[in-house]
Amino acid sequence: MTSPRPQKKDVLRLAVVVGALGVVFGDIGTSPIYTIQTVFNPDDPHPVPVSDGNVLGVVSLILWSVTAIVTITYVLLAMRIDHDGEGGIMALISLLRRWAGHRRAGATVALAGLGLFGAALFLGDSMITPAISVLSAVEGFKTIEPGFEPWIVPVTAVIIVTLFSVQKRGTAAVGRFFGPVMITWFVTIGACGAWGVTKDAAILKAVSPTYAIEFLAGNFEYAFFAMAAIVLAVTGAEALYADMGHFGRRPISVGWIFLVFPACALSYLGQGALILEDSDNISAPFFLLAPEWARIPLIVLACAATVIASQAVITGAFSVASQAAQLGYLPRLRILHTSSSARGQIYVPWVNWLLLVSVLTLVFAFRTSAALAFAFGMAVTGTITITTILFFYVAHRRWAKPLWLLALAAVPLLALDLLFIGANLTKLVHGAWLPLAIAVTFFTIMITWQRGRQVVTTTREDMEGPLQAFVDDLDAGEDAPAVVPGTAIFLNRGTTTPLALRANVERNHVRHEHVVIVTVEVETVPRVADDDRVTIDALGRPEDGITQVVVRFGYAETADVPAALALLTSEQTEGQLDLDGATYFLSRIELHAGPEPTMAPWRKRLFIATSHVTADAADAFHLPRDRVVLLGSHVEV
């Protein structure tokens, strides 16, 4: 009798693949809606003339660009590098930070800065994706009723407002429906594409890379500018890598190779065949692929798919912002976990409402998906190029492969990426400046916050003084504070004395019978095992009842301090600490710009302004609010 276990494993693997299809591929899977339409857009500042040779060349270039960037760069190469299971640009940055103190530190620091700019570009991408995706889907109604055009922007705005309004509910409740919807989507667009190929089977010639090469070599004046739109076919490639920690490399690879790529390829081929048959079909080739009776269901399905695509990139923005805050590039943000079982499903209110305002601004400013496409390409190409550079550097360090061997893959892939960047630079005045401006803004905020934190930390260390010396002098002399019963927990940043503890002793002249000084450290790894979560130090005088505890979290984890302290055993605490009834003392820092030239005056103002979005420490560390006491301090930057 055979064991049922292999069958259960197969079911679980299938469930993970379905889940990946619902979350990972939404963005790249909706690219066929607008890519070819944008390439041949007659309103483009550098339009591509419609001819048989150009259509074959464009479709071939799309297919082989997707193969080179998504299949080779991400699926076959980048996804082989992970940081304790996590992927994406933040995982690469954290690896570089771990190496920053080693040999070639200058190169790793510079590349980490480049990666940070790539993360900033991704945040810009998170603003543009919902706008262009939903706009492109709603625009499909024009193929049925041309009079619908004035309603495109208002309907898009309503969908977007609804999408962002339900973010606080999380994706856990509806996540199980995402996979089946996207499977239906890919089967549908693949079937429509196959039906479109029958209109002119000559389009199958585009499968040969020779047509892409001939288009680039023989019509470079058109092909170069066309690449600014062709890059839209690979939007969402970064999501494959970033979501590897949620689903694993294998399910994502299986979903891409066996369903997503074939479906998208058929859609591009079908649209090309439709244009070969009648050049007037360039107005909306994706929706015209469907028979007239099926057009409305396809548009409705497209709206659902673009909402899912937007959901995926919004969740990605939440994750990037959360990880950047944990690594010290952004202030501590209020983060809500929307699922008790699914890892990585979080809601960041401040980021959510910032994205909503930004997306609506883009919709009302650009008004069409074609206009937004000029901006979209720059964000995509920038992120992909930076990820490729970081990957090959990390691969060289981790795998110890000779540079010449890695160069065989790196040079052609980076040459293609740089060609895409060059093409998008020609759209700079037509909208490509937007993602660059967004990225520069976020990058400036992040490096300013990092620098400001260093200044504040140095100032606080001078104010706080050494912890050991404070403990040694605590009960000495006539000014020794009164000892009151109970357990007090003071959160701290290092080996200095917490400002709240010093203020309690110097101002109130009391200390608790049992004092726990908790230092929270965020490691450059995604997660920390419970066995390594807490370490304890009695500071050399256990009879005084003062204990130092170091609590460690990974950058992808929730900093739940009470849960971490609960891991302490009675042997470690000698059964003396009342953690369930303890009072938590926090230092509330008020920042002011000081005369010292620590930063440029405008950066000081930016740092102080950014500090106002810092989440309450009690919420951030999951402290019981009814047992939290705040003591204020003044710090100049």
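Keep in mind that this is a model prediction, so the values were computed, not measured. (Residues numbered from 1 in each chain as written. Predicted model: local features only at pLDDT ≥ 70, side-chain atom pairs only at ≥ 80, totals over all residues. Heavy atoms only, no water.)

**Description of the overall build of the chain**
Then, in step 1: Of the regular secondary structure elements, the chain holds 25 helices and eight strands.
Then, in step 2: In terms of overall size, the chain behaves like a compact globule, its C-alpha atoms giving a radius of gyration of 28 Å where 637 residues would be expected to give roughly 26 Å.
Then, in step 3: For the chain, the spread of C-alpha atoms along the three principal axes comes to 95 × 75 × 55 Å.
Then, in step 4: Here the chain holds 637 residues, and the buried ones make up 54% of them.
Then, in step 5: For the chain, restricting intrachain contacts to residue pairs at least 6 apart in sequence, the fraction spanning at least 24 positions comes to 83%.
Then, in step 6: Summed over its atoms, the accessible surface of the chain is roughly 26500 Å², and 61% of this surface lies on carbon and sulfur atoms. (Helix = DSSP H or I, 4+ residues; strand = E, 2+ residues; numbered from the N terminus. Rg over C-alpha atoms; globule rule 2.2 N^0.38 Å. Buried < 20%, exposed > 50% of the residue type's maximum accessible area, 1.4 Å probe, protein only. Contact = heavy atoms within 4.5 Å. Areas by Shrake-Rupley, 256 points an atom, 1.4 Å probe, with all protein chains shown as cover.)

**Things to note about the pattern of salt bridges**
Close approach of charged atoms lets side chains of opposite charge pair.
Then, in step 1: A complete count under the given rule lists six salt bridges for this structure.
Then, in step 2: Here E506 ties to R502 by a salt bridge, and the two come within 3.2 Å at their closest N and O atoms. One end of the pair is E506 and the other is R502, both in helix α21 (residues 499-508) and four residues apart, which spans about a single turn.
Then, in step 3: A salt bridge links E521 to R552; the nearest nitrogen and oxygen atoms lie 3.7 Å apart. Linking E521 in strand β4 (residues 510-523) with R552 in strand β6 (residues 546-554), this pair joins segments that are 31 residues apart in sequence.
Then, in step 4: Judged by relative accessible area, E521 falls into the partly exposed class, the value being 30%. (Salt bridge = Lys/Arg side-chain N within 4 Å of Asp/Glu carboxyl O.)

**Examining a nonpolar patch on the surface**
Then, in step 1: A contiguous nonpolar patch, built from L425, L428, V429 and W433 and spanning about 400 Å² of accessible area, is present on the exposed surface.
Then, in step 2: One can find W433 in helix α19 (residues 433-464). (Patch = residues over 30% accessible without salt bridge, like charges linked within 9 Å, V, L, I, M, F, W, Y side chains within 5 Å.)

**Concerning the packing of helix α5 (residues 89-98) against helix α17 (residues 369-399)**
Then, in step 1: Two elements in contact, α5 and α17, have axes separated by 10 Å at closest approach and are oriented at 40°. By the angle between their directions, the pair α5 and α17 is classed as oblique. For the element pair α5 and α17, the recorded crossing hand is left-handed. On α17, the residues that touch I89, L92, L95 and L96 of α5 are I386, T387, L390, F391, Y393, V394 and R398.
Then, in step 2: Here the residues of the contact of α5 with α17 sort into nine nonpolar, one polar and one charged. (Axes fitted to C-alpha atoms, helices over the stretch in contact; angles between N-to-C directions. Parallel < 35°, antiparallel > 145°, perpendicular 65-115°, else oblique. Left-handed = near helix turned anticlockwise from the far one by under 90°. Nonpolar A, V, L, I, M, F, W, Y, C, P; charged D, E, K, R; others polar.)

**Some remarks on the nonpolar core**
Then, in step 1: Counting 160 residues, the largest nonpolar core has F25, F40, W185, F186, I203 and I252 as its most contacted members.
Then, in step 2: The contact partners of I203, leaving out residues within four places of it in the chain, are V55, L56, V59, V197, L269, G272, A273 and L276.
Then, in step 3: Counting 22 residues, the second-largest nonpolar core is a separate cluster that includes V516, A559, L565 and L568. (Core = buried A, V, L, I, M, F, W, Y, C linked by side-chain atoms within 4.5 Å.)

**Here we look at empty space enclosed by the protein**
Then, in step 1: Tallied over the entire structure, the rule returns four cavities of 30 Å³ or more.
Then, in step 2: Taken as a whole, the largest cavity spans an internal volume of roughly 90 Å³.
Then, in step 3: For the lining of the largest cavity, the elements supplying multiple residues, two or more each, are α6 (105-138) and α16 (349-366).
Then, in step 4: Take the lining of the largest cavity: its biggest share by element is four residues, from α16. (1 Å grid on protein atoms, 1.4 Å probe; cavity = no way out; pocket = protein on both sides within 12 Å on 5 of 7 lines; lining within 4 Å. Points joined across faces, edges and corners; volume = space filled by probe spheres on them.)

**Describing the packing of helix α7 (residues 152-165) against helix α15 (residues 295-326)**
Then, in step 1: As a packed pair, α7 and α15 sit with axes 11 Å apart at the nearest point and diverge in direction by 45°. Between α7 and α15, the crossing angle belongs to the class labelled oblique. In the crossing of α7 with α15, the sense of the turn from one axis to the other is right-handed. Listed contacts from α15 to I159, L163 and F164 of α7 are V307, S310, Q311 and I314.
Then, in step 2: Across the contact of α7 with α15, the residue classes tally to five nonpolar, two polar and no charged.

**Description of the environment of L330**
Then, in step 1: Tracing the backbone shows L330 in the loop between α15 and β1 (336-337).
Then, in step 2: Apart from the residues lying within four places of it in its own chain, the contact partners of L330 are A321, A324, A325, I445, M446 and W449.

**Observations regarding helix α4 (residues 52-77)**
Then, in step 1: For α4, with 26 residues, the first-to-last C-alpha span of 35 Å sits near the 38 Å given by 1.5 Å per residue.
Then, in step 2: By the largest-angle criterion, T71 marks the main kink of α4, which is about 30°.
Then, in step 3: Burial analysis of α4 places 20 of its 26 residues in the buried class, which makes it a mostly covered element. (Expected span 1.5 Å × (residues − 1). Bend = angle between axes of the 7 residues up to and from the residue.)

**Describing the packing of aromatic side chains**
Then, in step 1: The full count for this structure, using the stated rule, is 14 aromatic pairs.
Then, in step 2: Here W449 and F607 contribute two aromatic rings whose centre-to-centre distance is 4.6 Å and whose plane-to-plane angle is 35°, an arrangement assigned as tilted. Of the two residues, W449 is situated in helix α19 and F607 in helix α24 (residues 601-611); the sequence distance between them amounts to 158 residues.
Then, in step 3: Using a relative accessible area of 8% as the deciding quantity, one classes W449 as buried.
Then, in step 4: Among the residues examined, F607 registers a relative accessible area of 2% and is labelled buried.
Then, in step 5: Through pairs of rings, three or more aromatic residues link up here, namely F25, W256 and F261. (Phe/Tyr/Trp six-rings, centres within 6.5 Å; stacked < 30°, edge-to-face > 60°.)

**Things to note about the confidence of the model for the chain**
Then, in step 1: This prediction gives the chain a mean pLDDT of 85; 92% of its residues lie at or above 70.
Then, in step 2: The least confident element of the chain is helix α1 (residues 5-23), whose mean pLDDT is 67; the most confident is α4, at 94. (pLDDT = per-residue confidence, 0-100.)

**With respect to the side chain of T73**
Then, in step 1: With respect to the helices, strands and loops of the structure, T73 is situated in helix α4.
Then, in step 2: From its side chain, T73 meets the backbone oxygen of A68 in a polar contact 3.0 Å long.
Then, in step 3: Once residues within four sequence positions are removed from consideration, T73 is found in contact with A68, A78, T388 and L413. (Polar contact = N/O pair within 3.5 Å; in protein donor to acceptor, adjacent residues only side chain to side chain.)

**Observations concerning the sheet that holds β6**
Then, in step 1: Pairing in this open sheet of six strands is mixed, and the strands run β5-β6-β4-β3-β7-β8 from one edge to the other. What marks the edges here is a single partner per strand, and that holds for β5 (534-537) and β8 (628-636). Here the average twist between neighbouring strands, direction ignored, is 25°. (Pairing = 2+ DSSP bridges.)

**A short note on the environment of F364**
Then, in step 1: Position of F364 among the secondary structure elements: in helix α16.
Then, in step 2: Judged by relative accessible area, F364 falls into the partly exposed class, the value being 45%.
Then, in step 3: A sequence separation of 207 residues divides F364 from A157, and the C-alpha atoms of the two residues are 8.4 Å apart.
Then, in step 4: Filtering out sequence-adjacent residues up to four positions away, F364 remains in contact with V153 and A157.

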